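# Chains, contacts and geometry: an overview
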Amino acid sequence: MRIQFTKMQGAGNDFVVLDETRGRLGLTPAHYRYLGDRHFGVGADQILTVRPSPGDGIDFEYVIHNADGNEVEQCGNGSRCFARFVRDQGLTTKDRIRVKTMKGVIEPLLTPDGRVTVDMGPPVFEPAEIPFDASGLSLVPMGSWGYWPLAGADSAQGAPLLIAAVSMGNPHAVTLVADVDAAPVGVWGPHVQADARFPQGVNVGFLQVVSRSEVRLRVYERGVGETLACGTGACAAVVAGIRLGLLDARADVHTRGGVLTIAWAGLGQSVFMTGPATTVFRGEIDLPE
């Protein structure tokens, strides 16, 4: 089966974008894994699918698969690429687009400077809704919130790993580090992801606070591993930093792939993410049966 695709990236987080507005391609998890494979397929962190409006007041539906073939709830950098794709392909003339995702409706806005701002909706902190099993744990207070202590990656040391748990439509665990370059992302990331307290897995963010308006971030993503950037991870990290009393209401997030700007006015308010979205190339590929 031969299909057309567009390769895109947002702050280095890269995607294969598929157009199903005229009909379903009927892809299987194996097909998504093939597309995401960097040796045999196109190569991507996630595969994004554009589908037609599912109802009144909604412009498109947005489906996301990780490189491991599993469907996931949300992808911040992908949402910006989604908006750029539907505009560039002539699927809409709107600057503000309402898009249905697995976990609700988001509203990307194409801005005059070429970037895209996305209303990511309010963050979720209730453990059961993340979902995160906090039974038997005591919150370690900090700011107006606090950290949850998890068993450390090195049980011999006995020191817990402190994480802030938040959902941005998908689950995140944010831990504070002194230097993201020296952080053991490849050890702590898989360790936290494997923790049974996160029944749906979790994206693990490593946050270095540079100032009250500037941070550095690395994220180990579910089903992918470490990526150059993670939009929902940047949102979760800044929201956590604000609630912990470390950040002001707007912060620039320096990832290994670029800079994202995150703004959050407080509890009950939406998180707004602004960043780049770029088309890399378009092509066709034969998928194995």
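Now for a look at the structure at hand. Just so it is clear, the structure is predicted and the values come from calculations on it, not from any experiment.

Here we take up the side chain of Gln-208. Mapped onto the elements, Gln-208 comes out in strand 13 (residues 203-211). A distance of 3.1 Å separates the side chain of Gln-208 from the backbone nitrogen of Val-180, its partner in a polar contact. Ignoring sequence-local partners within four residues, the contact set of Gln-208 consists of Val-177, Ala-178, Asp-179, Val-180, Val-215 and Arg-216.

Attention shifts here to the pairing of strand 3 (residues 46-52). Most of strand 3 sits out of view: six of its seven residues are buried. By the bridge criterion, five bridges tie strand 2 (residues 13-19) to strand 3 in an arrangement that is parallel. The residue bridging Val-16 from the neighbouring strand is Ile-47, located in strand 3. Crossover connection from strand 2 via helix 1 (residues 29-36) to parallel strand 3: handedness right-handed.

End to end, helix 2 (residues 76-88) covers 19 Å across 13 residues, agreeing with the expected 18 Å (1.5 Å per residue, within 8%). Of all 13 residues that make up helix 2, 11 are buried, and the element is covered over most of its length. Within helix 2, the full set of buried residues consists of Gly-76, Asn-77, Gly-78, Ser-79, Arg-80, Cys-81, Phe-82, Ala-83, Arg-84, Phe-85 and Val-86. Positive phi shows up at Gly-90, right after helix 2, with a value of about 75 degrees.

With respect to the helices and strands, Val-224 occurs in the loop between strand 14 (214-221) and strand 15 (225-227). Placed 17 residues apart in sequence, Val-224 and Leu-207 show a C-alpha to C-alpha distance of 19 Å.

Under the definition given, this model contains 22 salt bridges. For Glu-284, the salt bridge goes to Arg-2, with nearest N and O atoms at 3.5 Å. Of this pair, Glu-284 sits in strand 19 (residues 278-286) while Arg-2 sits in strand 1 (residues 2-10), and the two are 282 residues apart along the sequence. On the accessibility criterion, Glu-284 (46% relative accessible area) is partly exposed. Of the charged contacts, one joins Arg-96 and Glu-107 as a salt bridge, the two residues approaching to 3.8 Å between their closest N and O atoms. With Arg-96 in the loop between helix 2 and strand 6 (99-101) and Glu-107 in strand 7 (residues 104-110), this residue pair connects regions lying 11 residues apart in the sequence. Each of the salt bridges in this network shares a partner with another, and the network as a whole consists of Asp-179, Asp-181, Arg-216, Arg-218, Glu-226 and Arg-256.

Cut-offs used in this document
- Residues numbered from 1 in each chain as written.
- Predicted model: local features only at pLDDT ≥ 70, side-chain atom pairs only at ≥ 80, totals over all residues.
- Heavy atoms only, no water.
- Helix = DSSP H or I, 4+ residues; strand = E, 2+ residues; numbered from the N terminus.
- Polar contact = N/O pair within 3.5 Å; in protein donor to acceptor, adjacent residues only side chain to side chain.
- Contact = heavy atoms within 4.5 Å.
- Buried < 20%, exposed > 50% of the residue type's maximum accessible area, 1.4 Å probe, protein only.
- Pairing = 2+ DSSP bridges.
- Right-handed = clockwise from strand over helix to strand, strands pointing away.
- Expected span 1.5 Å × (residues − 1).
- Salt bridge = Lys/Arg side-chain N within 4 Å of Asp/Glu carboxyl O.

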